[in-house]
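The chain contents come next:
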Amino acid sequence: MEEIVQLTCPACGGSLNVSPNAIVLTCQHCGTESFVRREGGSIMLESFARCPRCGRNDRAEKVSAIMSSQTQKISSSEIQTRVVTNQYGQPIYQQVAVPKVVTQSSELAKKLKPPEKPKLYPPPVTKIYPRRKPNTALTFGIILLVTAFLGLIFTVIALSTSMFGSNDTQSMALLLCGLPTLLFGVVGIGLTILGITSAGAKKLKFQQDCQSVEQENKKVFGNWKAANQQLIAKWQVARDRWEDLYYCHRDDCVFIPEEGTCASLGKIKEYLEKEKPS
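Conventions adopted
Residues numbered from 1 in each chain as written. Predicted model: local features only at pLDDT ≥ 70, side-chain atom pairs only at ≥ 80, totals over all residues. Heavy atoms only, no water. Helix = DSSP H or I, 4+ residues; strand = E, 2+ residues; numbered from the N terminus. Contact = heavy atoms within 4.5 Å. Buried < 20%, exposed > 50% of the residue type's maximum accessible area, 1.4 Å probe, protein only. Pairing = 2+ DSSP bridges. Patch = residues over 30% accessible without salt bridge, like charges linked within 9 Å, V, L, I, M, F, W, Y side chains within 5 Å. Areas by Shrake-Rupley, 256 points an atom, 1.4 Å probe, with all protein chains shown as cover. Salt bridge = Lys/Arg side-chain N within 4 Å of Asp/Glu carboxyl O. Phe/Tyr/Trp six-rings, centres within 6.5 Å; stacked < 30°, edge-to-face > 60°. Core = buried A, V, L, I, M, F, W, Y, C linked by side-chain atoms within 4.5 Å. Axes fitted to C-alpha atoms, helices over the stretch in contact; angles between N-to-C directions.

(A) Quick look at the environment of Asp-252. Structurally, the position occupied by Asp-252 is in the loop between strand 9 (246-248) and strand 10 (253-256). Taking the C-alpha atoms as reference, Asp-252 lies 8.9 Å from Ala-263; in sequence the two are 11 residues apart. Not counting residues up to four positions away in its chain, the partners in contact with Asp-252 are Tyr-247, Ser-264 and Leu-265.

Laid out in structure tokens, this is it:
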């Protein structure tokens with residue numbers, strides 16, 4: 001026959017007598033009700049984890065302990081058919097036993113499961129860097145100058161020989177070849193000068209556009225990274241709070257003892273995600 005054990009009240013320090021079959025013990029000095037916990041051969045009084053709704057702890061149990069006791073993994077295997085090819089190229093169907101682990105949980109354990117790690121936001125779509133625009137004026141200017149130079153050579157050859165016959169014919173050749181050559185040369189010089197003078201401004205504009213795109217992409221990536229970090233931080237807070245969570249079987253609610261608040265099973269997510277009261 002077990003003897004009565006004498007313990008100290010965790011609230012006032014008064015002497016308490018614990019009978020062998022006692023589950024809940026009320027202190028006759030201060031009225032504090034404590035849960036009698038037996039582990040191995042030792043007996044302890046637990047005043048912690050008192051449900052804020054009913055004010056008792058005899059039906060309060062840590063959520064992590066519930067998950068451990070009401071969740072089990074069962075190893076099994078399932079038959080799968082695989083197709084392999086023999087040395088003659090013919091398909092062969094084989095049945096293979098594939099290991100499989102099934103997790104079984106009670107309905108209560110499913111409701112009290114820890115917060116799942118959130119899905120991170122996908123990488124954002126960034127702007128494409130601009131392409132350097134060709135210097136059209138400089139390009140056409142050089143082409144016209146080369147054309148004018150070739151026309152000048154042709155005109156000089158035409159005038160220095162008698163291939164065009166009479167003077168009237170040479171004059172006509174000079175008119176037909178010389179004027180376009182002169183026109184190409186003047187326009188080519190103008191476009192070349194314009195292309196050279198505008199090259200610096202275009203280069204500066206291109207660099208500014210690239211810097212603008214780079215800054216905007218950095219901002220987008222920074223916001224994306226910050227949003228994912230916020231998700232992870234929120235999940236870590238909820239996970240840490242879940243480790244301290246208790247469940248009251250009497251009132252069907254969860255609570256964190258030192259906070260003095262509780263929530264129904266349908267609002268566990270909101271309860272875990274809220275900030276700890278100061």
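(B) Examining the pairing of strand 2 (residues 15-18) more closely. Going residue by residue along strand 2, you find Leu-16 and Val-18 tucked away on one face and Ser-15 and Asn-17 left uncovered on the opposite face. Across four bridges, strand 1 (residues 5-8) lies against strand 2 in antiparallel orientation. Pairing of Leu-7 across the sheet is with Leu-16, part of strand 2.

(C) Local environment of a nonpolar patch on the surface. On the surface, Ile-142, Val-146, Phe-149, Leu-150, Ile-153 and Ile-157 cluster together into a nonpolar patch covering about 550 Å² of accessible area. Topologically, Ile-142 is positioned in helix 3 (residues 136-160).

(D) Structural detail: the packing of aromatic side chains. Under the defined criterion, the tally for this structure stands at two aromatic pairs. Seen in terms of ring centroids, Phe-221 and Trp-224 are 6.0 Å apart; in terms of plane orientation they differ by 85°. Their pairing is edge-to-face. Taken together, the residues span about one helical turn, with Phe-221 and Trp-224 both in helix 4 (residues 167-243) at a distance of three residues. Classification of Phe-221 by relative accessible area gives partly exposed; the value is 37%. With a centroid separation of 5.9 Å and 25° between ring planes, the pair formed by Tyr-246 and Phe-255 is classed as stacked.

(E) Structural view of the pattern of salt bridges. Tallied over the entire structure, the rule returns 10 salt bridges. Salt-bridge contacts for Lys-110 lead to Glu-107; the nearest nitrogen and oxygen are separated by 3.6 Å. Of the two residues, Lys-110 and Glu-107 both sit in helix 2 (residues 107-111), three residues apart, roughly one turn of that helix. Its relative accessible area of 46% is what places Lys-110 among the partly exposed residues. A salt bridge links Glu-216 to Lys-127; the shortest N-O distance between them is 3.2 Å. With a gap of 89 residues between them, Glu-216 in helix 4 and Lys-127 in the loop between helix 2 and helix 3 connect regions that are remote in the sequence. You can call Glu-216 partly exposed: its relative accessible area is 34%. Residues participating in the shared-partner salt-bridge network are Lys-234, Lys-269 and Glu-273.

(F) Here's a closer look at the nonpolar core. Core analysis: the biggest nonpolar cluster contains 24 residues, and Leu-112, Leu-245, Tyr-247 and Val-254 have the highest contact counts within it. Put simply, the parts of the chain that give this core at least two residues each are helix 1 (63-69), helix 2, helix 4, strand 9, strand 10 and helix 5 (268-273). With four residues, the top contributor of residues to this core is strand 10. When neighbours within four sequence positions are excluded, Val-254 is seen to be in contact with Leu-112, Leu-245, Tyr-246, Tyr-247, Thr-261, Cys-262, Ala-263, Ser-264, Leu-265, Ile-268 and Tyr-271. Core analysis: the second largest hydrophobic core is formed by nine residues, Leu-7, Cys-9, Cys-27 and Val-36 among them.

(G) Expanded view of the sheet that holds strand 10. The strand order 6-9-10-11 describes an open sheet built from four strands, whose pairing is antiparallel. Both outer strands of the open sheet, strand 6 (60-62) and strand 11 (261-264), are each paired with one neighbouring strand and no more. Averaged over all pairs of adjacent strands, the angle between their axes in this sheet comes to 30°, without regard to strand direction. One ladder, built from three bridges, connects strand 6 with strand 9; its direction is antiparallel. Bridged to Ala-60 within strand 9 is Cys-248.

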